[in-house]
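Inside the fold
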Amino acid sequence: MKHFVALALAGVVSLAPAAAPGANDPNETLLRTTLEGQGLPAAEIERLMAAREAADGTLGDAAGANEIPDPARALIPPPIDPGAADSVDVVPVAPDSTLLAPPPPVGADLAKAPPRFGADLFTLPTRAFEPPAYGPIDPGYRLGPGDEIVLDVWGDVVLRTATTIDRQGNVMLKDVGQVNLAGSTVTEAARRLRGRLGAAYSGLASDPPTTFLELSLGRLRPVKVFVVGEVARPGGYDLSAASTVFHALYLAGGPGPLGTFRDVRVVRGNRVVATLDVYDYLLRGVRAGDVRLENDDTIFVPVRGKTVIARGEITRPGVYELTEGETFADLVRMAGGPTGRTHLVRARVDRVLPPSRRAPGEPPAVTLDVPLADVLAGRATFELDDLDDVVFAPVPADRGEFVVVRGNVWYPSTYEFRPGMRVADALAAAGGVRPDTFDGRAYLVRTRPDLTRETLTFDVGRVRAGDLDANVPLAARDEISIRSRWELFDRPTVSIAGAVRNPGEYELTDGLTVGELLVQAGGFLEYAWTDSVEVSRVYPEDGDARRIAETFRVPVGDDFLARAELPAFALQNHDRVFVRRQPFWELQRDVRVAGAVMYPGTYSLESQTERLATVIDRAGGLLENAYPEGFQLFRRQDDIGRVSADLARALEDRGSDANLVLVSGDSLYVPERPMTVRVSGAVNFPTSHVYRPGKGIGWYVENSGGYRDEAKKSGTTLVYSTGRAAKVRRWRPDPEVRPGSEIVVPAKIPGEGTDWGRVVVDIASVAASLATTWLVVDTIVGR
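Read on for a plain summary of the structure. Since the structure is predicted, the reported quantities are computational estimates derived from the model, not experimental observations. (Residues numbered from 1 in each chain as written. Predicted model: local features only at pLDDT ≥ 70, side-chain atom pairs only at ≥ 80, totals over all residues. Heavy atoms only, no water.)

So, about the sheet that holds strand β28 (residues 632-635). The five strands lie next to each other as β27-β26-β30-β28-β29, forming an open sheet whose pairing is mixed. Strand pairing shows two members of the sheet lacking a second neighbour, β27 (601-604) and β29 (641-643), which therefore form its edges. Going from strand to strand, the sheet's axes swing by 25° on average, the running direction of each strand aside. Sheet analysis places β28 next to strand β30 (residues 667-670), joined by three bridges and oriented antiparallel. Looking at the pairing, Q632 lines up with Y669 of β30. (Pairing = 2+ DSSP bridges. Helix = DSSP H or I, 4+ residues; strand = E, 2+ residues; numbered from the N terminus. Axes fitted to C-alpha atoms, helices over the stretch in contact; angles between N-to-C directions.)

Shown next as structure tokens:
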């Protein structure tokens, strides 16, 4: 019907549906009258009417009687005629069949199947299938209302006009008037315009012409199409008039998991005008059915048809949809054919029986064998059912006649076995043995015909020497293993430790001496004792059983590298060379002094026993504002950390134990005299107070708001700035509070403390008992 409206653009806005072919069509007279009124030649009018009639006939024949077939698949297929012969005999596989792996659970699980064939086509960015709005258009494109045309005339006259075809299918041109272009191709429109413009511009009609005309397209008219059914994104889409079914289908995300790829329908005026098989495009590059869309078209994607799974040794495993009449051979073709490893004798089909074939108490699924080679050769056919799971098995992994050479050869691999082959032939095929090969016994493993195995040995050295008796004849599937001598024996080594640049273990080469080993180890470090080195050697087996090693003192000298000959003491396997340090050589031991001293900085200790007071003296002594009671010493050695030290006592009594011996890395800090005392923990207002000489712990706590209810008073601790701590003890005077101290009041652990309610009850009970006792005593005395 849309074709009819497109042709009737000469003033006809809408028409009634066309009558069936051969009937009297009242609209035909109206259409002819309208076209004649536009000045079209009689031949052109007849062509347009014929095109209209052909279009109506196409629409009428597409689906028959204006009916769209039911898209639903047949859920229950008709029962099989018992008298009909199958194309190929199929027999359920016995449970103990070893051809393939055991079948999966009943039915093919599409969720666990390979990807659906064709689904990835619609996962690309949407611009990959955007319909053209500008650019070249194929010659079959027919103009309609809303299309923009660009007319160029040059020669005797220069003219450029861009105009849009109106709703009646006309364009208005200067000096010409209205020209109807609806339903014309670009070529036909250019010919029509040339004829009409020739009356105004004679150069177009002259022979040869002196004026030329070219027609091109600008913006194309928009069309609205609807994509419904089993698609990812159903809905309405605005496209250009050059769009095809693929454009709309791609914008809608393609068929969904339940949608068909084989029967995409274009519905126009309640009739199916085209069907698209996506597989034709994917498998053969053919776009039959990919028709150009018109305004108000509907693209309908029904539910998928017969669906099967192809997995295993097939070129393109996946989920495939079959149409009516397609068989097992068609599935193999769609999946790219068998691979080089496919077992062509049999393929396996796991099938859920249709309801008509299920019997009560019997399994609902079967496994069938398919003679794959016969099917591919056309000697047999096999019909597939919906949800069949087809497994293509690989050929067995067994090889034919071969031998294997492993180990210490140049090219270890698997080689062809030839009758009469011996060990030497296999070694030659592997490039020969490597120089460090063990020339003694090697072995080969032989597989007997019953697949049991045995181990044979041969002498590699004798085989290499050409001894025929040692050159063992080979059998198919023999496996030869050649060993390096270093796989069987340890390499001889020596080691060197101590004051050398690269201590460690070294290979013992023939004739290696102490001097050569020292060179390999990078020579002496600057603090090495170079007069001699010590060599420790495993005590000989025939020596004293009570001794495990003997040592040698080898003279070297610090100039051994400059001498003509290196120390020539020959080393043996497992020798250990020790290079000692000079006994009194070491780098400076540095300590750092900071804080309230005259010259803070880094100082090197002058002896191993230099003490704290001496270093403070070297730093110029304490400043007037120094607070020696808060002195802090940090020791990095062994990660000791802060050390409690009494600097004031060390300076006053230099022979006391407070005058510590310093070690390398110590940090000394003398603070300035602090003027505060901090109170923290379970008090009502933790804060710092100005130091008040003579004031005790209680005064500072009271001025911090006092103890909180959960405070554990007996655990109050006074921490001095030196790091030393003193705890408050009952029945003893409190420790002296000094500047820089911190008073820490801990809190009670939950559940800890005095239960005053219980105390009151106990006191009341004791009081009552005392009162009773007094009453009894008083009564007795009164008598």
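We are not done yet, so read on.
Here helix α4 (residues 186-198) contains 13 residues, and its C-alpha end-to-end distance of 18 Å stays within 8% of the 18 Å for a straight helix at 1.5 Å per residue. Of the residues making up α4, those classed as buried are V186, E188, A189, A190, R192, L193, L197 and G198. (Expected span 1.5 Å × (residues − 1). Buried < 20%, exposed > 50% of the residue type's maximum accessible area, 1.4 Å probe, protein only.)

So, about unusual backbone geometry. Each neighbour pair has its own omega, and for D207 with P208 the value is 0°, a cis peptide bond. Note that P208 resides in the loop between α4 and β5 (211-217). Although it is not a glycine, R477 sits at a positive phi angle of roughly 75°. Tracing the chain through its elements places R477 in the loop between α10 (460-464) and β20 (479-482). In this structure R477 comes out as partly exposed when scored by relative accessible area, which is 27%. Not every positive phi belongs to a glycine, and H574 is a case in point at roughly 75°. Position of H574 relative to the elements: it lies in the loop between β24 (549-555) and β25 (576-579).

What follows concerns the packing of aromatic side chains. On inspection of all chains with the given rule, the structure shows 14 aromatic pairs. Relative to Y281, the ring of F246 lies with its centre 4.9 Å away and its plane at 55°, an arrangement referred to as tilted. Of this pair, F246 sits in helix α5 (residues 245-251) while Y281 sits in helix α6 (residues 278-284), and the two are 35 residues apart along the sequence. Here F261 and Y279 contribute two aromatic rings whose centre-to-centre distance is 6.4 Å and whose plane-to-plane angle is 45°, an arrangement assigned as tilted. With F261 in the loop between α5 and β8 (264-268) and Y279 in helix α6, the pair connects residues that are 18 residues apart, well separated along the chain. The pair formed by F261 and Y279 is uniform in burial state, with each residue classed as buried. In this structure, R581 packs its charged tip against the face of Y527, placed 4.2 Å from the ring centre. Positioned above the aromatic ring of Y720, the side-chain terminus of R738 is 4.9 Å from the ring centre. (Phe/Tyr/Trp six-rings, centres within 6.5 Å; stacked < 30°, edge-to-face > 60°. Lys NZ or Arg CZ within 6 Å of the ring centre and 35° of its normal.)

A separate point is a nonpolar patch on the surface. A surface patch of nonpolar side chains, about 320 Å² in accessible area, is lined by W154, V158 and F212. Exposure remark for V158: the relative accessible area of 71% places this residue in the exposed category. (Patch = residues over 30% accessible without salt bridge, like charges linked within 9 Å, V, L, I, M, F, W, Y side chains within 5 Å. Areas by Shrake-Rupley, 256 points an atom, 1.4 Å probe, with all protein chains shown as cover. Salt bridge = Lys/Arg side-chain N within 4 Å of Asp/Glu carboxyl O.)

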